Structure formats: structure tokens, C-alpha cells
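Close look at the chain arrangement
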Amino acid sequence: MELFEQMAKENYEQVIFCQEKTAGLKAIIAIHDTTLGPALGGTRMWNYENEEQALIDVLRLAKGMTYKNAAAGLNLGGGKAVIIGDSRHDKNEAMLRAFGRYIQGLNGRYITAEDVGTSEMDMDTIHLETEYVTGRSPATGAGGNPSPVTAYGVYVGMKATAKEAFGSDSLAGKTIVVQGVGNVAYHLCEFLYKEGAKLVVTDIHKPLVDRVVDAFEAKAVEPDAIYDVECDIFAPCALGATINDETIDRIQAPVIAGAANNQLKNPYHGDLLHNKGILYAPDYVINAGGVINVADELQGYNQKRAMKSVENVFEQMTKVYEIARRDEIPSYQAANRLAEERIASVKAARKPYVRNTKNVLG
Ligand SMILES: NC(=O)C1=CN([C@@H]2O[C@H](COP(=O)(O)OP(=O)(O)OC[C@H]3O[C@@H](n4cnc5c(N)ncnc54)[C@H](O)[C@@H]3O)[C@@H](O)[C@H]2O)C=CC1
Ligand SMILES: CC(C)CC(=O)C(=O)O
């Protein structure tokens, strides 16, 4: 990959490679766009096949955060980090502390939080070296692991999507297929079960499947069989790019709405879904609950206020579908329009010279 060419093409501001060999740290921080404020996005720890895969992932995730934060109405830019390694075996205190020092060195341009492979405890460890970390434990005055809040946002966003597709926001009696039942999806399944939805689930870690089968009367299928299950809603809640050339014709659902970041392998998969009459809930709009929750920490965490803001995901999803209908475009393009218009208008508003620029987030 020609990195600078890629950065210029998609307007990335900065990419930072972090290495500390005694702790085994190999990490990449990508800052996509800070027009709206400091870049906020989680840290993913994953055993990538190679370094290029890690770079591709962090770039895609960072850009997604720019759009997510903009569409959610947050005064935050987009960034993300990845640590290369197996989160179950390779993680250690020194690695996370070294990573925290690199974040501190960015002086607030990037603020981190949890993502796949990192936990509330990891955020507390990173916090030993930097103030620019959210999603820490409530004992430190923060909001804790954002996953349950992300799940709540996905749940209300799914209801808005059901209203658009089926004419009612009720999920009672609907068959919902959930791909990946980790931190977010466990809580999502709980909300769906309580509303009376029927669940079909899968995961590559069997104990996680058993947990959901036992708690929420879910039916389990093998990971590859999930695409062929006839259902009302397909909910991708694992990693990205599961809507691709190989899977798109197998998906048996009129609606796709789930928590995973970067669900579409390429933008044209959003066009294909639109042409097939499948309503796609743009991932970064429906899964903004977690970032809304951790962003609240930047003004002194208040759980009630954060949950109230997360309910706004319903309105934002509805707005996306209104734009899609009005402009006769696929929903993924409507979401991009919503985010890009906000960034452009704030950029224009901040053009006039002022001597002491007011920057509330520092
Ligand atoms: N944790 C959060 O608050 C947020 C998470 N997200 C996104 O939601 C997704 C899930 O996040 P978490 O629940 O935190 O992660 P997690 O790691 O707890 O859950 C992901 C699950 O997917 C499973 N999985 C991976 N590949 C799979 C495959 N091919 N088939 C079936 N299962 C597979 C994993 O075994 C794991 O249990 C990720 O894409 C993440 O970036 C987005 C916004 C916020
Ligand atoms: C704190 C996280 C929930 C933010 C993030 O990285 C995401 O929404 O993907």
C-alpha cells in the first residue's frame, strides 16, 4: 500500500506507528479528521495476518469514527488505534502503559477507549500513563465499558429501522439473526429477547454461543451457516466486511441492522443491497451509543444524561431514511451526506480569524 497516497486520497491527517520491544508493543494510531474536535475512537487488539491488514483496518476504522461522531452530533473528530497481537495471550501491563505514553505524546489530538480485544481494565492501565482515555472503570469517575450502551443504541436504531421497513417499530415476534455474540451483542440479545424477538445466533467461540442460548432461548447455528437463515433482520455484530461478494446473495433478510463497524466490504455493496430492496442501517449511525457514552465523560460523566443522548439514535436513523427517500439514494449514502454536511458547515463557520480560538474540548 502507498500510505501517503492513501492518506491524501481519503484525507487522513496523521498515522502514528508505536513500538516498544520489551513489552512487545506494535500499535498503529490513525487520526482521520479533527475538524469537529479531538479524534475519539477505541483501540482494537487483534491477531492480524500481517501488518498491512492491521494498517488497512485502523484506517477504515478511523475514518468511520469521523463519520460516526459527526452524524451523532458530537464535537469530536475521528481516530482509532490497533494493537497487533492476541488479546487473550499477548497483552501485558507494560504493553498498555507504553501505548498510553504514545497517546499522551499526542497531547489530546487522540482520545482512546475500548474496542474488540480491549477492556475497561485495560483502559484503567492505559490511564496510568495518559489522561486521554475514556471507558475507564466507574471507580475512576468514568462511564465504564461502553458495550451495554452501544447495545442499547443498536436496539433503538433497530426499532427505527423496523419502523421504516415494516411500518411498526415493534420487534416482538420478529426473527433476528445475530452474527457474533460478544460484549455488545450479548446485551443486544437481552433487549431483543425481552421485547419478544426470536433469536438465531452464532460465534466462533462456542462458550459465548452457549451463554446466549441458555439466557435468551436462542437457536444456535454454525458461523458459516448464519447467512442462509431466513429471518426478518440480519444483525452483523462481529468484525467488519461480512457483507461482501460472497455473502450478499445468501442473506435472507429484508433488513440488515447490527453493531459491527465497517459492515460493507466496499461502498458498492451498499448499492447492491439497495437494488435488492434490502434496507441497510448504516453501521456508524446505529452503533454510536458507545461513543456517545464515553464522550459524556469528557464533561464529567453523568449516566442519565448519556443514556438520554443515546436515545437520539432513533431520530438520527429516522433522519437518514428521510434523506434516502428524499434524495432517492441508498441509506449508506444518506448517512455519509448527513455527516459530511455537518463537517463542511462547521469548517465554514470556523473560517473567520479570531485571536483566541474558543476550543471547549481543549
Ligand atoms: N464495544 C463497543 O462499545 C462497540 C463495538 N462496536 C463494534 O461492534 C462489533 C462487536 O464489538 P464487541 O462486542 O465489543 O466485540 P467482541 O470481541 O466482544 O465481540 C465480537 C464477537 O464476534 C465473534 N466473531 C469474530 N469473527 C466471527 C465470525 N466470523 N463469525 C462469528 N462470530 C465471530 C468473536 O468471537 C466475538 O465474540 C465490532 O465490530 C466493534 O468494532 C461498535 C461500536 C461500539
Ligand atoms: C468507545 C468506542 C465505543 C468508540 C469506538 O471506537 C466505536 O464506536 O467504534
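The rules behind the values
Residues numbered from 1 in each chain as written. Chains lettered and ligands numbered in written order. Predicted model: local features only at pLDDT ≥ 70, side-chain atom pairs only at ≥ 80, totals over all residues. UniProt positions renumbered as here; feature names shortened; annotations may be inferred. Buried ≥ 20, exposed ≤ 12 C-beta atoms within 10 Å, placed from the backbone. Helix = DSSP H or I, 4+ residues; strand = E, 2+ residues; numbered from the N terminus. Contact = placed C-beta atoms within 7 Å. Near = placed C-beta within 6 Å. Nonpolar A, V, L, I, M, F, W, Y, C, P; charged D, E, K, R; others polar. Domains from an automatic or database assignment.

- Per an unreviewed UniProt entry, the protein chain carries the name Leucine dehydrogenase and comes from Geomicrobium halophilum.
- You can read under Sequence similarities (unreviewed entry) in the UniProt record for the protein chain the words "Belongs to the Glu/Leu/Phe/Val dehydrogenases family."

**What to know about helix H4 (residues 120–127)**
- The element H4 is extensively covered by neighbouring structure, given that six of its eight residues are classed as buried.
- As for H4, its buried residues are in contact with helix H3 (93–105).

**Here we look at unusual backbone geometry**
- Here the phi dihedral of glutamate 217 falls at roughly 50°; this positive angle occurs in a residue that is not glycine.
- Unlike most non-glycine residues, asparagine 262 shows phi in positive territory, near 55°.
- Looking at the element boundaries, asparagine 262 is found in the loop between strand S11 (255–256) and helix H8 (267–275).
- When the 18 C-beta atoms within 10 Å are taken as the criterion, asparagine 262 is described as partly exposed.

**Description of the site of ligand 1**
- Taken together, 26 residues lie around ligand 1, and Thr150, Gly180, Gly182, Ala238 and Gly290 are the ones closest in.
- Breaking the shell around ligand 1 down by element, the ones donating at least two residues are helix H5 (147–166) and helix H6 (183–195).
- With three residues, the single largest contributor to the shell around ligand 1 is H6.
- Classifying every residue of the shell around ligand 1 gives 12 nonpolar, 11 polar and three charged.
- Counting the residues that make up the shell around ligand 1, at least three belong to each of domain 1 (3–64 + 77–137) and domain 2 (146–289 + 316–340).

**Focus on the environment of lysine 265**
- Within the element layout of this structure, lysine 265 appears in the loop between S11 and H8.
- Once the C-alpha coordinates of lysine 265 and glycine 240 are considered, the two residues, 25 residues apart in sequence, prove to be 7.2 Å apart.
- Setting aside anything within four residues of it in sequence, one finds lysine 265 in contact with Ala241, Ile243 and Asn244.

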